Amino acid sequence: MAGARPNSPGVHPALQPDSSEDLFEHAPCGYLTTLPDGSIIRVNQTFLTWLGRSRDDVLGLRFVDLLTDGGRIYHETHLRPLLEMQGHLRQIAVDLVGPGGGRLAVLLNAVLHRDSEGQPVAVRTTVFDASERQHYERELLRERRAAEDAAATARALHEHSSFLARLSRCLDEADGWDERAARLVELVGGELVGAAELWDVDAVGRVRPTVNNGSPGPGAESLSGDVGSAVRAAVDTGEPVLRGELSTPTTVDRVDGGAALAALPMTVRGRTSGVLVLWARHDRLRFTPEVRPFLTELAGRAALSLDNARLYERERSTALTLQRSLLAGAVPDDPRLRIAAAYRPAVEGLEVGGDWHDAFTVGPNRIGVVVGDVVGRGIAAAAAMGQLRSATRAVATSGVGPARVLEGLDQFVAHLDAGQMTTVAYVEIDLDSGRATYACAGHPPPVLVHEGTSRLLWDGRSPPLGAHIGGAPRGPASSEPGCRTDATVDLSADDRLVLYTDGLVERRRSPLQRSIDRLAALAAREADLPVASLVDALTAELLAGVVTPDDVCVVAIGRIATGPFHRRLRPLVSDLRALRADLQAWLCLQDPDRTSVDALVLAANEAAANAIEHGIRGEPGGTVTVRAERAGDEIRIDVVDEGTWRAPEDGRFGGRGLTIVGRLVDHLEVHRDGGTRVHMRRRVGGPA
Amino acid sequence: MDVVTRNHVRTSGRPDGQPILFAHGFGCDQQMWRHVAPAFEDRYRVVLFDHVGAGASDLASFSPERYADLGGYARDVLEICDDLALTDMVFVGHSVSAIIGVLASLAAPGRFSRLVLVGPSPRYVDDDGYAGGFSRAAIEDMLDALDRNYLGWSTAMAPVIVGNPDRPELGEELTNSFCRTDPAIARQFARVTFLSDNRDDLHRVRVPTLVLQCADDAIAPVAVGRYVHAEIPGSELVTLDVSGHCPHLSAPQATVAAIDAFLRSGPR
Amino acid sequence: MSPDDACRVSTAERDGRLVVCLTGELDVAVAGEVERAVNAAVAAAAAVVVDLDGLTFLDSAGVRVLDHLLGACYERGVPVRVVATPGSPAAFTLRVCAFPDHVMCASTDEALADLP
């Protein structure tokens, strides 16, 4: 009776050949496969049924699109990172958006499949219905939260934390220690408690009140009184001290159910630098033992913020002082060459950098000018800068010329073990011929302005100091002769040479070449300003509105010759000082008596000041030109403005200026025709 | 409790190199950086840590007062800097730690030379005219989801982890063992993270900043990245063609390349 | 070379008199600022000496600052002397401006001795 046995070997009806597909589609759990970016490429019918959506609807969506809003955040912040790191997830509870927008509570298991290279290929996820479990969990949660909410401390905690958040922000917004301390007592004393006072603790532990907010009797309170003893106790124990009844009456409310006074030690980095004293007010924070943790935290935050301000001020000021002392120093005093420099430290709030400039006599007729940029910031960079500055002078004054000077600095950097990758532009100028010899070690090219057009000096270039040169390693090899090169260019009287550090031109969103081209164009346009004004115009224009984290150094060099003198002034009284410097140098070259130099400088200054004050001030395009020339034994100066003359308000000053001019020169003419032209002549004698 | 233990601080790379500090975001711990941090070890002093409450940090150091807002976490960052004497530092922060880095840099600007903000968002909740990406209800819903998973996790898994403290290799075997966070702490951290509003802090940043944005990020959408970029003066915005909120996990090479390019660019 | 260090005002007390020293270049660009600083310095002084020997330049706006100072001192009955050594840049400008001789002294010592 073969064939009659129902249980004969063979396949059970439930396990037909197509049943694996069926098992997948109708399994008691949901299945889905997603790509690593989350898009769904395969999904089973069970899952679709739960969702109440069609296959076409779901394919191509990302898995997160199926989650509720909250589930989506949880998925992105927890599940996805977890899956990427450990390759699988187990029993994770999330809510899907079910039919009709309802929630469908599920548990997920997921596995991340990777290819042989380890790259993620797909994620396979199984989904289990968890509505039962969810119900139970929700009950648990509800109970727990109810318990939490019932606690009276919860609200206070929230208020405290929002106060701390506001305090931190308020303090951090203020710049220095003084400002932060003032804000601290203002905010704490004005809003949280009755009044607040900050006591200073010095290095040997002495205390004294410094900043207060209307506290009762600050200063008058003797150190042996209530406050003084509480402050001392706070310093000694390092713990908040709460005092109930006070022996001296105060203007502050009597407080029931809490101490009247709290002294909080402000401890940071292991040192108690101050004590914050608080007086209670009945409708504000009560000083009960329960608020101790809050008060401790309050004092801790305040201490850190004040201490940061103090440390920062100290370091910045040390570095700035160091830098200023290094950058100060007289420019060689020779009328044949005008050198003007500007240094602008990095934007407020950042540490000083390592830029420097210097000018010095190299030989009887030769002046060296250097601009350099040490890598890094702060005291270390400023110190390295100082050493390199001295080294440059020392090497240069032996008269070896720019290329050898750089080689000397290479050697110095190798021995110093600091200042590597410093960039330098160095130029030596012969005062008689105007020939300039220059060399750049990885530094932006100097700008030369000649007859109204500018060009970049790209010759004489080699890598930064201490860098690998010509494939040779850093160290002795790089200091061998011949590694560094220099180049020459001739400067005529109205030429300008501009050296600068990259802070002047480096912009985050602009290619360096474009910024340097802009500098070159600007230098050409402004080259007829006095030399110091040229520096000012370049920094003002190129750094306007720029938040640069780097410091900036600019040096402009102009030769003074005996031929006719010509300068343009902007409508700024600050240009007068720059004019005087250039004009005085030119006058000195005419070799007259000392009194004539003083008289003509003062006369030109008064006439130009008048022109700016009453002719063109406030007119953006307005200019004043000053021309001077020698004719025989006479010096003639013309000061011309194109503005409309505005009579001085007091009717006196302008007139007085011109009266003075009349006493300083032999001949004075004032022409008012549209603008104003003041023509002056003075006979000059020989050297006084 | 010293800072190194409290925050489970780990350093690697060149001891004399410029410091680069990696700060993990909400929901995870320092292991998040394991595909990214090593790429900087040849040139930098790499510092990793766990926020208090996350990873292997000291849970006992947590106090609701101290961590009532992001300022508490920023304070931890500054204390780590103090302890390790980190200056001229590159700070790389993911998600909420991007904002923590911003706050730390405002409190002590001199310490930071660069900020790298990976998927930052100064405010998650939509506000008058501001699209943070989430409604207040969605945030509450997420806190709920968080609670439910920790309920399951804390009962089922905690004993296993506690039982094997001296066999870290077992960690690999434990389900969902990465990114373990104490549930109560995680709840507060989530609240602080997702309900804070730090929009007004951005414009005061004075440190060169890179905003690293994912092209398809459900947590910090592209519009938010653009907002951060526009608010932080002089910042740079790089958008990675990556989906998700964790490019350092899903596209570590692209992430490393973007950070590296930023660090090599511009003024030192 | 920045404008803020163009002219500096410093004070010292000698024999109970206030000595105000000006150094640098006093011109129209800094006159307002210098005037405020000097006024603040002399506000409570009983006798004042203004030492101009540190100036490398003085213009008519600077002379106006001195003029205002003298006027204010006269009004309050505070004796005042101005020190400008002959041959110095300040002395040159003051001479050109016909500054009143009776307040001018050639040295600080002379000025202190001359004060009532």
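About the criteria used
For every chain, the first residue of its written sequence is number 1, and the numbers climb from 1 along that sequence. Written order decides the labels, with chains lettered from A and ligands numbered from 1. Owing to the predicted nature of the model, reporting of local features is limited to residues with pLDDT of at least 70; listing and counting of side-chain atom pairs is limited to 80 or more, with chain, interface and lining totals taken over all residues. The side-chain values count all of the structure's non-hydrogen atoms but skip hydrogen atoms and water molecules. Note: two strands are recorded as paired if DSSP finds a minimum of 2 bridges between them. By definition, any uninterrupted DSSP run of H or I lasting at least four residues is a helix, any uninterrupted run of E lasting at least two residues is a strand, and each is numbered from the N terminus. Between N-to-C directions, angles cover 0 to 180 degrees, with each direction set by a line fitted to C-alpha atoms, over the stretch in contact for helices. Whether two residues are in contact is decided by their heavy atoms, any of which lying within 4.5 Å being enough. Once two parts are brought into contact, the accessible area they lose, counted with a 1.4 Å probe and summed over both, makes up the buried area. For this analysis, a salt bridge means a side-chain nitrogen from Lys or Arg found within 4 Å of a carboxyl oxygen belonging to Asp or Glu. Contacts described as polar in this section are N or O atom pairs within 3.5 Å, which, within protein, must combine one atom able to donate a hydrogen with one able to accept it, while residues neighboring in sequence count only if both atoms come from side chains. Amino acids outside the nonpolar list (Ala, Val, Leu, Ile, Met, Phe, Trp, Tyr, Cys, Pro) and the charged list (Asp, Glu, Lys, Arg) are all regarded as polar, and Gly is one of them. Working definition: with a 1.4 Å probe on protein chains only, accessible area under 20% of the residue-type maximum means buried, over 50% means exposed, and in between means partly exposed. Between 30 and 60 degrees the pair is tilted, below 30 it is stacked and above 60 it is edge-to-face, where a pair is any two Phe, Tyr or Trp rings, Trp via its six-membered ring, whose centres lie within 6.5 Å. Throughout this description, the term charge over a ring refers to an Arg CZ or Lys NZ atom that lies within 6 Å of the ring centre and within 35 degrees of the ring normal. Put simply, angles under 35 degrees are roughly parallel, angles over 145 are roughly antiparallel, angles from 65 to 115 are roughly perpendicular, and the rest are oblique. Should the near helix be turned counterclockwise from the far one by less than a right angle, the crossing is left-handed, whereas a clockwise turn marks it as right-handed. To estimate the expected span of a helix, subtract one from its residue number and multiply by 1.5 Å.

Some details on the sheet that holds strand 4 (residues 103-114) of chain A
Two orientations exist for strands paired in a sheet by backbone hydrogen bonds: parallel and antiparallel.
All names here are of chain A.
So, point 1. With antiparallel pairing, the five strands of this open sheet are ordered in space as 2-1-5-4-3. Only two strands of the sheet have a single partner each, and these edge strands are strand 2 (40-43) and strand 3 (88-97). For this sheet the average axis-to-axis angle between neighbouring strands, irrespective of direction, equals 30 degrees.
So, point 2. Bridge count for strand 3 against strand 4 is eight bridges, and the pairing is antiparallel. The partner of I92 across the bridge, within strand 4, is L108.

Details of the interface of chain A and chain C
Note: interface size is frequently given as the accessible area lost on complex formation between the parts.
So, point 1. Every contact between the two is made by 26 residues of chain A and, on the other side, 22 residues of chain C.
So, point 2. Taken together, the two surfaces of chain A and chain C that pack against each other cover about 1,900 Å², and 60% of this comes from carbon and sulfur.
So, point 3. Seen at the junction of chain A and chain C, the total is three salt bridges.
So, point 4. Between A:R577 and C:E25 there is a salt bridge, with its nearest N and O atoms 3.2 Å apart.
So, point 5. Viewed at the interface, chain C and chain A are joined by five residue pairs in polar contact (both at pLDDT 80 or more).
So, point 6. Put simply, the parts of the chain that give the side of chain A that touches chain C at least two residues each are strand 11 (337-344), helix 14 (575-589), helix 15 (594-616) and helix 16 (653-664) of chain A.
So, point 7. Considering each element in turn, the side of chain A that touches chain C owes the most residues, 10 residues, to helix 15 of chain A.
So, point 8. For the side of chain A that touches chain C, the class distribution of residues is 12 nonpolar, four polar and 10 charged.

Remarks on unusual backbone geometry
Residues and elements named next belong to chain C.
So, point 1. Its identity as a non-glycine residue notwithstanding, D15 has a phi of 50 degrees, on the positive side.
So, point 2. One can find D15 in the loop between strand 1 (7-14) and strand 2 (17-26).
So, point 3. Relative accessible area serves as the criterion here: at 62%, D15 is assigned to the exposed category.
So, point 4. In this model, A98 sits at a positive phi of 55 degrees, which is unusual for a non-glycine residue.
So, point 5. The residue A98 is located in the loop between helix 3 (89-96) and strand 5 (104-105) in this model.
So, point 6. Judged by relative accessible area, A98 falls into the exposed class, the value being 56%.

Topic: the side chain of A:S39
All names here are of chain A.
So, point 1. Relative to the assigned elements, S39 resides in the loop between strand 1 (30-34) and strand 2.
So, point 2. In terms of polar contacts, S39 uses its side chain to reach the side chain of D37, at 2.7 Å.
So, point 3. Apart from residues lying up to four places away in sequence, S39 is in contact with T33, T34, G60, L61 and R62.

Side note on the pattern of salt bridges
So, point 1. One pass over the structure, following the stated rule, counts 53 salt bridges over all chains.
So, point 2. C:E25 serves as the salt-bridge partner of A:R580, at 2.7 Å between the closest nitrogen and oxygen. With one member in each of two chains, A:R580 in helix 14 and C:E25 in strand 2 form a pair that bridges those chains. Taken individually, A:R580 and C:E25 each receive the classification buried, so the pair is uniform in this respect.
So, point 3. Among the salt bridges present, the one from B:D197 reaches B:R199, with a minimum N-O distance of 2.8 Å.
So, point 4. Judged by relative accessible area, which is 28%, B:D197 ranks as partly exposed.
So, point 5. We classify B:R199 as buried; its relative accessible area is 14%.
So, point 6. Three or more residues are tied together by salt bridges with common partners; here these are A:E297, A:R301, B:R6, B:R66, B:D69, B:R75, B:D76 and B:E79.

Some remarks on the packing of aromatic side chains
So, point 1. Scanning the entire structure with this criterion turns up 14 aromatic pairs over all chains.
So, point 2. Judged by centre distance (5.9 Å) and plane angle (65 degrees), the ring pair of B:F40 and B:Y44 falls under edge-to-face. There is no split in this pair, since B:F40 and B:Y44 are both buried.
So, point 3. With 4.7 Å between their ring centres and 50 degrees between their planes, B:Y67 and B:Y73 make a pair best called tilted. Per residue, the accessibility class of B:Y67 equals that of B:Y73, and both read buried.
So, point 4. Among the aromatic side chains, those forming a connected cluster through ring pairs are B:F26, B:F62, B:Y67, B:Y73, B:Y124, B:F189 and B:F194.
So, point 5. A:R42 extends its terminal NZ or CZ atom over the ring of A:F24, reaching a point 4.2 Å from the ring centre.

Some points on the packing of helix 1 (residues 31-42) of chain C against helix 2 (residues 60-76) of chain C
Residue and element names in this part refer to chain C.
So, point 1. The interhelical angle for the contact between helix 1 and helix 2, taken along N-to-C directions, is 25 degrees, at an axis separation of 10 Å. Compared by their axis directions, helix 1 and helix 2 come out roughly parallel. Judged by the twist between their axes, the crossing of helix 1 over helix 2 is right-handed. For the pair helix 1 and helix 2, the contacting residues are A31, E35, V38, N39 and V42 in the first and A61, V65, H68, L69 and R76 in the second.
So, point 2. Of the residues assigned to the contact of helix 1 with helix 2, the class counts are six nonpolar, two polar and two charged.

Details of helix 13 (residues 531-542) of chain A
A turn of α-helix holds 3.6 residues, and therefore any two residues three or four places apart point the same way.
All names here are of chain A.
So, point 1. Taking 1.5 Å as the rise per residue, helix 13 with 12 residues should run 16 Å; its terminal C-alpha atoms sit 17 Å apart, in good agreement.
So, point 2. The buried fraction of helix 13 is high, at nine of 12 residues.
So, point 3. Within helix 13 the residues assigned to the buried category are V531, A532, S533, L534, V535, A537, L538, T539 and L542.
So, point 4. Where helix 13 is buried, its residues contact strand 11, strand 20 (496-500), helix 12 (512-526), strand 21 (552-559) and helix 14.

Side note on the packing of helix 12 of chain A against helix 13 of chain A
In helix packing, the relevant descriptors are the interaxial angle and the interaxial distance, both defined with respect to the helix axes.
Residue and element names in this part refer to chain A.
So, point 1. Orientation of helix 12 relative to helix 13, taken along the N-to-C sense of each, is 140 degrees, at an axis distance of 10 Å. Taken together, the axes of helix 12 and helix 13 lie oblique to each other. The handedness of the crossing between helix 12 and helix 13 is right-handed. Residues R518, L519, L522, A523, R525 and E526 of helix 12 lie in contact with helix 13, whose contacting residues are L534, A537, L538, E541 and L542.
So, point 2. When the residues that make up the contact of helix 12 with helix 13 are grouped by side-chain class, the tally is seven nonpolar, no polar and four charged.

Quick notes on the sheet that holds strand 1 of chain C
Residues and elements named next belong to chain C.
So, point 1. Spatially, five strands are ordered 1-2-3-4-5 in an open sheet, and the strand pairing comes out mixed. Looking at the sheet topology across the chains shown, the edges are occupied by strand 1 and strand 5.
So, point 2. Where strand 1 and strand 2 come together, eight bridges link them in antiparallel fashion. Its bridge partner lying in strand 2, R14 is registered against R17.
So, point 3. The sheet contacts of helix 2 involve strand 2, strand 3 (48-58) and strand 4 (80-83), and relative to strand 3 the element is tilted by about 175 degrees.
So, point 4. Strand contacts of helix 3: strand 3, strand 4 and strand 5, with the helix running at about 100 degrees to strand 3, the strand carrying the most contacts.

Without other data, these values stay purely geometric and don't point to any function.
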